[in-house]
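# Fold and contact review
Residues per chain, in single letters:
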Amino acid sequence: MTNHWNDIANSDCIMAIGCNAAENHPASFGHITDAKEKGAKLISVDPRFTRTSSKADIYAPIRSGTDIAFIGGMINYVLNDMDQNPSNYNMVYVKEYTNASFLINPGFKGAVDLDGLFSGYSESSRSYDKSTWSYQKDANGIPLKDKTLQDPNCVFQHLKRHYVRYTPAKVNEICGTPQDVFMEICRTYAATGKAGKAGTIMYAMGTTQHTYGTQNVRIYALLQLLLANIGITGGGINALRGEANVQGSTDQCLLVHILPGYLGQPINKDDTLASYLKRVTPVTSDPNSANWWQNYPKYIVSLLKAWYGDAAKQDNDFAFNYLPKTTKPYNDYSWIGLFEDMYAGTIKGLMVWGQNPAVCGPNSNMERKALDKLDWLVAVDLWETETAAFWKRPGVNPQDIDTEVFLLPAAVSFEKEGSVTNSGRWMQWRYKALNPPGEAMEDLWIINQLVMKLKELYRSEGGPHSEAITDLAWNYGEHPSPRDVAKEINGYDLATGKLLNSFTALKDDGTTSSGNWLYCNSYVEPDMEPNAPIPGNRSTRRDTDPGMYNVGLYPKWAWCWPVNRRIIYNRASVDLNGDPWDKEHPVIWWKDGKWTGDVPDGGWPPMAVDPAATKYPFIMQSEGHAHIFGPGRVDGPFPEHYEPWESPVENAMSRTQNNPTFKIWNSEMDYKGTADKYPIVCTTYRVVEHWQAGQLTRNLPWLVELQPEMFIEMSEELAAEKGIENGEKAIVETARGKVEAVTLVTQRFKPFQMNGKVVHQIGMPWHWGYTGLSTGDSANVLTPHVGDANTMIPEYKAFLCNVKKA
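Residues numbered from 1 in each chain as written. Predicted model: local features only at pLDDT ≥ 70, side-chain atom pairs only at ≥ 80, totals over all residues. Heavy atoms only, no water.

### Notes on the overall build of the chain
The criterion, for reference: Helix and strand assignments come from DSSP, with helices taken as H or I runs of at least 4 residues and strands as E runs of at least 2, each series counted from the N terminus. The globule rule used here is 2.2 Å times the number of residues to the 0.38 power, and the radius of gyration it is set against is calculated over C-alpha atoms. Burial here depends on accessible area, computed with a 1.4 Å probe over protein chains only, as a share of the maximum for the residue type. Under 20% is buried, over 50% is exposed, and the range in between is partly exposed. The contact definition used throughout considers only heavy atoms, calling two residues in contact when any of these lie within 4.5 Å. Methods summary: accessible areas were calculated by the Shrake-Rupley approach with a probe of 1.4 Å, and residue burial reflects only the protein chains presented. In this tally Asp and Glu are treated as negative and Lys and Arg as positive; neither His nor the chain ends contributes. Every charge is mapped to an atom, namely NZ of Lys, CZ of Arg, CG of Asp or CD of Glu.
Per the secondary structure count, the chain includes 21 helices and 28 strands. The C-alpha radius of gyration computed for the chain amounts to 26 Å, which stays within 12% of the reference 28 Å derived for 806 residues, consistent with globular compactness. Taken along the three principal axes of its C-alpha coordinates, the chain extends 75 × 75 × 55 Å. The buried share of the chain, taken over its 806 residues, is 58%. Considering only intrachain contacts with a sequence separation of at least 6, the fraction spanning at least 24 residues in the chain is 70%. Accessible area for the chain stands at about 31,600 Å²; split by element, carbon and sulfur atoms hold 52% of it. Distance between charge centres in the chain, computed from 76 positive and 92 negative side chains, equals 3 Å.

### Focus: the pairing of strand 28 (residues 799-805)
Within a regular strand, side chains alternate between the sheet's two faces. The condition is simple: Each pair of strands is called paired provided DSSP finds at least two bridges between the two strands.
Sheet topology places strand 21 (residues 680-685) next to strand 28; 3 bridges connect them, and they run antiparallel. Bridge assignment links isoleucine 680 to a residue of strand 28, and that residue is cysteine 801. Inspection of the sheet shows strand 23 (residues 729-734) paired to strand 28 by 4 bridges, in the antiparallel sense. Bridge pairing links alanine 730 to lysine 805 in strand 28.

### What about unusual backbone geometry?
In this model, tryptophan 561 is joined to proline 562 through a cis peptide bond whose omega is -5 degrees. Inspection of the secondary structure assignment puts proline 562 in the loop between strand 18 (559-560) and strand 19 (588-591).

### Here we look at the side chain of asparagine 3
The following threshold applies: For the purposes of these results, a polar contact is taken to be a pair of N or O atoms within 3.5 Å, where, inside protein, one atom must be able to donate a hydrogen and its partner to accept one; residues adjacent in sequence count only when each atom of the pair is a side-chain atom.
With respect to the helices, strands and loops of the structure, asparagine 3 is situated in the segment before strand 1 (13-17). The buried category is assigned to asparagine 3, whose relative accessible area is 0%. Polar contacts involving the side chain of asparagine 3 include one to the main-chain carbonyl oxygen of isoleucine 232, which spans 2.9 Å. Those residues in contact with asparagine 3 that lie beyond four places of it in its chain are Ile232, Thr233, Gly234, Gly235, Gly236, Asn238, Gly424, Arg425, Arg566 and Ile567.

As structure tokens, then:
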């Protein structure tokens, strides 16, 4: 999230797209209710009329996988309205804080010119040469700008040419959204573009789980930048995380392409620390750009010192070459890539910690067969999950599977102490309520035992690259304390042994350590935070003072990265003089020569106050400006509509049917369905009574009683066409498998009327499997083994199926 949960109450208009907050993130809906009680409008855009839709002021149906066409149409509306009514928009923000005025390389060609592609595309490699996706620069290397926004090569004019095709009629043809409803949404949400107004976008897996999921999020950000909704109270791009600590786990290195703190993963060409830093550290020639990532050397060296201690020295590149290097593209190490390698027999062992891939992985039949080929599997969980029991699943003979399975009983969150970082980046400490039962142990204890034994074995037996294990600074004792780990993540001044108070104190000479630079300031010396329940541990704070300007920042409740800043890019919330665009709900304010309010995104003075000393507000970009033109993505600098890998229709926007850059895997089980055999769109989702892959809830009798079985949700029209009555069993089949479940015939789904073409869509929850108190077919037996071009998150939300009565 750019903002935080409480801040949603400051919004004038909330658009929930790709999410069902009322059901899947119910606590968040309280903040939406607070906003609505103040007069805010709620817009729900969803293929299904959900519980969120039932509370919305406007509901728009949308075919799964067509967000870019929908938001692209909204952008087209905004751009046209800007021409006619510029006073309704914050044009100073657009011109001064985004790259709308930047001049693009004249050699760049867009999707309008190249029928859905951008310049530099290679069909054989399914990738782009992005050399033309660049700016024109002056003699000093600073991007050239046209702040009138009239130059045909400026970003703004390219944007207009790109989205002029996204008309209301085209939105209806692609998305199935009625034109009158779409126009009402455009007018309502575009009204937040006026200075002093705020609109926020809330999204979740319905947005990201597509072959162009990253570009879905990108286009939300693009709309928000045009409306000046980033950095302000009540604005932002706000991801609804599916678990209490998803944000924390990504911060700490869950994702395949990063190290903790979003530092880049080394690749095989990074033979020295210097070559790594040259590749990953951005540079700028503009003196007004903070280019915050220029501090990369300080952050990576401090991380290496946290991991390797005294073994990380200047003369050995601070142990940089102890780190594993990737030899393939990052996406090949993603979930899908790992299971493709398992299926091919390349990966021989797997540790599964609180995950259940036999239920939650795409193309589950393939992933279960991949598990069959392992030599060993370690499952760390509360119950015997489908993954732990894959060797005795229905339809297989256990004697045919040679995998050795170790099941380690784990502790649930209430049985251990530590922190979680929520969607709004708030790190909050939780205390241990009771001891785990039987032989169950905390994850921290389990991983500590494992590493200590590995260190012992490598010392006694040796092995390739053994120093990467034996030199680890791993001194947590027999029963490690999460408080000690939190201190290590914060970081130390190694000369004094004291905890650091800010990442601005980190150095690249080996005299500081930090397990994650973003968390530096979270756990300080006790005398710096003496009133915290655990002195020094800022995540334990529980002060309910809402903070200056009374906009719900709650600066002394827990702790927020970075440096307790509650709204990211908050210097974009003020004009060039440092005065808030919205004086009733300011984030920060320049008064008496200093910033007041939230922790500012850098302490530099406003642009008009000191043009030489100021820095542009978007400090994480090397140019200091937010990216409307975004050359960093692999699949295009502007989001373009493509159809899902499996689609019932041809792409109405261009002859480029699918995202041209996502990886297509080709094992014998990577099946693709076609519309002639599978004409119905299917999507998956969650219900409030069950949790993820079900291991936490299908083993609890009171929740099983509330929602006892898997079901298939379909429209009355489709049910009538198929001769299926409410409550009867039906079979849903895709190219990958089939499931059987009870049908829920409902008005929540309606056939999509797409410019004269009718398309049906069904949906089903994905919580079920073959172990536990409640069993049923897994929806992910149906889903394809393909993913987003940038991240490889699987395309769970849009695929083709057929339905028949069981």
